[in-house]
Amino acid sequence: MASERRDRYARVILDLRTRALDRTFDYAVPEGLDGQVRVGSCVLVTFAHRPAVGYVLGLGDEPSDGVDPARVLPVSQVLADPLFDEAAVGAMRWMAAEYAAPLLEVTRLFCPPGFTARTERDPRTGAWRLRRDETREVDDRWVSLTEAGASYVPPTSASRQRAVLAALSQGPVRQAELGLALSGAAAVVGALARRGVVTVERRRRVRGADEVRLSSAAAPRRDVAELTAGQRAGLAAIQRAVDARRGDVVLLDGVTGSGKTEVYLAAIERVLAAGRDACVLVPEISLTPQTVGRFRARFGDQVAVLHSRLSVGERYDQWDMVRTGVAHVVVGARSALFAPLADPGIYVIDEEHEASYKQGSVPRYHAREVAAHLARAHGAALVLGSATPSMESLARCEAGEHRGARWTRVEMPERPSARPLPPVEVVDMAREFAQGWRSMFSRALTAALAEVAEHGEKAVLMLNQRGFARWMLCRDCGYVPSCEHCSTSLTYHERGHRLVCHTCGAEYPVPAVCPECGSHFFRMSGMGTQQVEDRLREQLDALVGGTMPVIRMDADSTRAKGAHERCLEAFDAAPSAVLLGTQMIAKGLDFPDVTLVGVINADTILKVCDFRAAERTYDLLEQVAGRAGRGDKPGRVIIQTYQPDHPAIRAAAEHDRSLFMAPERAIRREAGYPPYTRLANVTCWGASRDDVVRVAGQVADELRATLADVRGAEVLGAVECVISRMQDRHRWHALAKVPAEAGDGLGARVGAAVARVRVPTGVSIAIDVDPYDML
């Protein structure tokens, strides 16, 4: 007698943009869908008498507590095979609690790129299906000779047939390529196929798989015996973490050019040999070409690439390579962390100190923390690499353990072949000005550029400010144009002769005179990369007659798809050139023929209203300095600043982190900032200032009540944000601080406190746990 079937229930989160529905609902699994409804499946259900799309986050033999089985509706249809697994679901629930984020928004991170919950009717079967406008698979037609075709002799008059057969004699060819080379090729191929001379085969085209062409990217494999002592120690520590299978973390604290990437490659090679997978994150899209080049040189087609500059279709194809097991190594920016690797054995986060690993919109996660959670869940190792590790990571290594995982720091203090770190010269620009020097390039930098041009070498110049000038200023009344929608000044862009708000993107014409007083002394003030580019070209024209190219790399020049790659390829291919850019050129780039690095103004970040300003300045200077002298020729670095005695400047000049860390730790400990505390910033904004102020005050009161039992907890505010108005919305915030040892569960507590606030229509609230931007 067959055993009686027990009802099974799916816990489904609905893809509906309603915050009140941000939880799972129970649906019964019909007998006909047994085995099809699995964790991660995308399903069609009925909600509020309408069809709705949802994702299965769990299965059970009984309905959830308090749910009447008689009222549970059935799952109507399975729309897609599992998009994620149970480990991913655990990570989703953890992220939702840790960052006080909607569970649905977290779930979407683990869905395929370009995935939408829109449905349509299949015209053949009438069943519902998901719309896949941009992620639909693309097939190519490939033409090849048959066995009979190898001996086929076309008629004398059939010149096109002879041309097609000649093209196919070297192997299969895409029909589209034949069409480009030969008019009417499609008709010829059709005729030959009917005679059995050729076959036409459909093959899926994998978009986004173009090879990177940077010549310096494909570094040769090195034997372990050839590695430096620091590299060998790092590789051994990583192997121990992989073997432990408990999510242990290894921090590779290596000077710039110490060969951290080679350690990543060697460690991943071992992981792949054991049948497991790897995920590698880089902080900037600009770093992806070089990184992908090195990884594809080592691992070939096993490498998938995921970052936002790829089209939706390209990202989908790369994601699908991982899902189907074609690719076992994922390389990309922050979002690559959520690729569906079958058995991750290692996660790598290069330049782990970078702020770009912190997501700026919901869900506001930090990739380092999510990677640590995933590593624990999968029994994988997490490898963090940096020449300037974050203070949080250094503190955890000193503690030795965090959330059940062991944290180990491995120093890599030397470059391969014992190449020294480049000497750094600090130029006091205030003294230069006092001595009558008015150029944006100091005398030392001017002379160094002349030497680079004379010897046919390469230089990297950094200014962390895009645009032509930072602002317009009236010399009579002091008026500075600001955005009509934001409380930020406008940046002048010479290309297009316009003023641009870098907060909301609004553009304005440039007034001929001061709008306030009518003065004609309405001039540009400050400088941006466009202005530096113009002055640099003038100087190089005088030195070498314009034969030395200047390649500008900033957010404006790299907007177009593939622009990052084109800039780096042009710089790599030029025998002598200057790469000018913002902070995107400061890290990760490896060009052995760069002999000079110049920092136009090292003070651009120091005075920002941010407790991490000094740390970011030190990181940026140490990183950009490391671009010099990575090859056979020695390098040099020139830093221009108005604060030569600042600890961050001195530490970068001496390549001595302790000069910065000692005073910075004392400041952080006294002020109560990370790594000694955890923070949660709650921002309120809306069109009505009164409503925003009232809600922000209520938020602050609820936070104080919620954290009253936490010893050492503190709530600052509510106060107006530094950028008090953005896109016509007033902004206020409250900041919660708790001691680091009491920080677990902070997001859940803050989320519960905010949920008790009555928010009127027109006011929005955002919770940012472990914030990196509080402006």
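A quick note: this is a predicted structure, and the numbers were derived from the prediction, not measured. (Residues numbered from 1 in each chain as written. Predicted model: local features only at pLDDT ≥ 70, side-chain atom pairs only at ≥ 80, totals over all residues. Heavy atoms only, no water.)

Draft legend 1. Structural detail: the overall build of the protein. Per the secondary structure count, the protein includes 20 helices and 33 strands. Rg of the C-alpha trace for the protein: 29 Å, near the compact-globule value of 28 Å for 775 residues, within the 12% margin. Within the protein, buried positions represent 53% of all 775 residues. Put simply, 74% of the contacts in the protein that link residues at least 6 apart link residues at least 24 apart. Side chains of the protein give 98 positive and 98 negative charges; the mean places of these two sets differ by 3 Å. (Helix = DSSP H or I, 4+ residues; strand = E, 2+ residues; numbered from the N terminus. Rg over C-alpha atoms; globule rule 2.2 N^0.38 Å. Buried < 20%, exposed > 50% of the residue type's maximum accessible area, 1.4 Å probe, protein only. Contact = heavy atoms within 4.5 Å. Lys, Arg positive; Asp, Glu negative; His and termini not counted. Charge placed at Lys NZ, Arg CZ, Asp CG, Glu CD.)

Draft legend 2. Just the sheet that holds strand β10 (residues 198-205), in detail. Read across the sheet, 3 strands follow the order β9-β8-β10 without closing on themselves; strand pairing throughout is antiparallel. In the strand order of this sheet, the two ends are held by β9 (173-174) and β10, each with one partner. Where strand β8 (residues 138-145) and β10 come together, 8 bridges link them in antiparallel fashion. Bridge pairing links Ser144 to Thr199 in β10. (Pairing = 2+ DSSP bridges.)

Draft legend 3. Representation of the sheet that holds strand β29 (residues 636-641) within the structure. Read from one edge to the other, the open sheet built from 6 strands follows the order β19-β29-β28-β20-β27-β26, with strand pairing classed as parallel. A single partner strand is all that each edge strand has here, and the edge strands are β19 (424-428) and β26 (550-553). Strand-to-strand twist of the sheet, defined as the mean angle between neighbouring strand axes without regard to direction, takes the value 15°. Pairing analysis gives 4 bridges linking strand β28 (residues 594-599) to β29, with the strands arranged parallel. Residue pairing in the sheet places Leu596 in a bridge with Arg636 of β29. (Axes fitted to C-alpha atoms, helices over the stretch in contact; angles between N-to-C directions.)

Draft legend 4. Focus on the pairing of strand β12 (residues 277-281). Burial within β12 is extensive, with 5 of its 5 residues counted as buried. Neither face of β12 is exposed, since Asp277, Cys279 and Leu281 on one face and Ala278 and Val280 on the opposite face are all buried. Bridging between β12 and strand β14 (residues 329-332) involves 4 bridges; their strand directions are parallel. By the bridge assignment, Leu281 is partnered in β14 with Gly332.

Draft legend 5. Representation of helix α11 (residues 391-399) in the model. Buried within α11 are the following residues: Met391, Glu392, Ser393, Leu394, Arg396 and Cys397. Taken from the residues just after α11, Gly400 is the one with a positive phi, measuring 90°.

Draft legend 6. How the structure looks around the pattern of salt bridges. Under the defined criterion, the tally for this structure stands at 47 salt bridges. Glu269 serves as the salt-bridge partner of Arg298, at 3.6 Å between the closest nitrogen and oxygen. Here the residue Arg298 occupies a position in helix α8 (residues 288-299), and Glu269 occupies one in helix α7 (residues 260-273), the gap between them amounting to 29 residues. The exposure class of Arg298 is buried, given its relative accessible area of 12%. (Salt bridge = Lys/Arg side-chain N within 4 Å of Asp/Glu carboxyl O.)

Draft legend 7. Seen up close, the environment of Val189. Mapped onto the elements, Val189 comes out in helix α5 (residues 185-194). Spatially, the C-alpha atoms of Val189 and Val200 are 8.2 Å apart, while their sequence positions differ by 11 residues. The residues contacting Val189, other than those within four sequence positions of it, are Val143, Val164, Gln175, Leu178, Val198 and Val200.

Draft legend 8. Representation of the confidence of the model for the protein in the model. Averaged over every residue, the pLDDT of the protein is 89; residues scoring 70 or more account for 95%. Across residues 211-218, where pLDDT falls below 50, the model places 21 contacts with residues more than four positions away in sequence or in other chains. (pLDDT = per-residue confidence, 0-100.)

Draft legend 9. A look at the packing of α11 against helix α18 (residues 658-671). The contact between α11 and α18 brings their axes to 13 Å, and the two run at 90°. Viewed along their axes, α11 and α18 adopt a mutual orientation that is roughly perpendicular. Residue-level contacts link Met391, Leu394 and Glu398 of α11 to Met661, Glu664, Arg665 and Arg668 of α18. Grouping the amino acids of the contact of α11 with α18 by side-chain chemistry returns 3 nonpolar, no polar and 4 charged. (Parallel < 35°, antiparallel > 145°, perpendicular 65-115°, else oblique. Nonpolar A, V, L, I, M, F, W, Y, C, P; charged D, E, K, R; others polar.)

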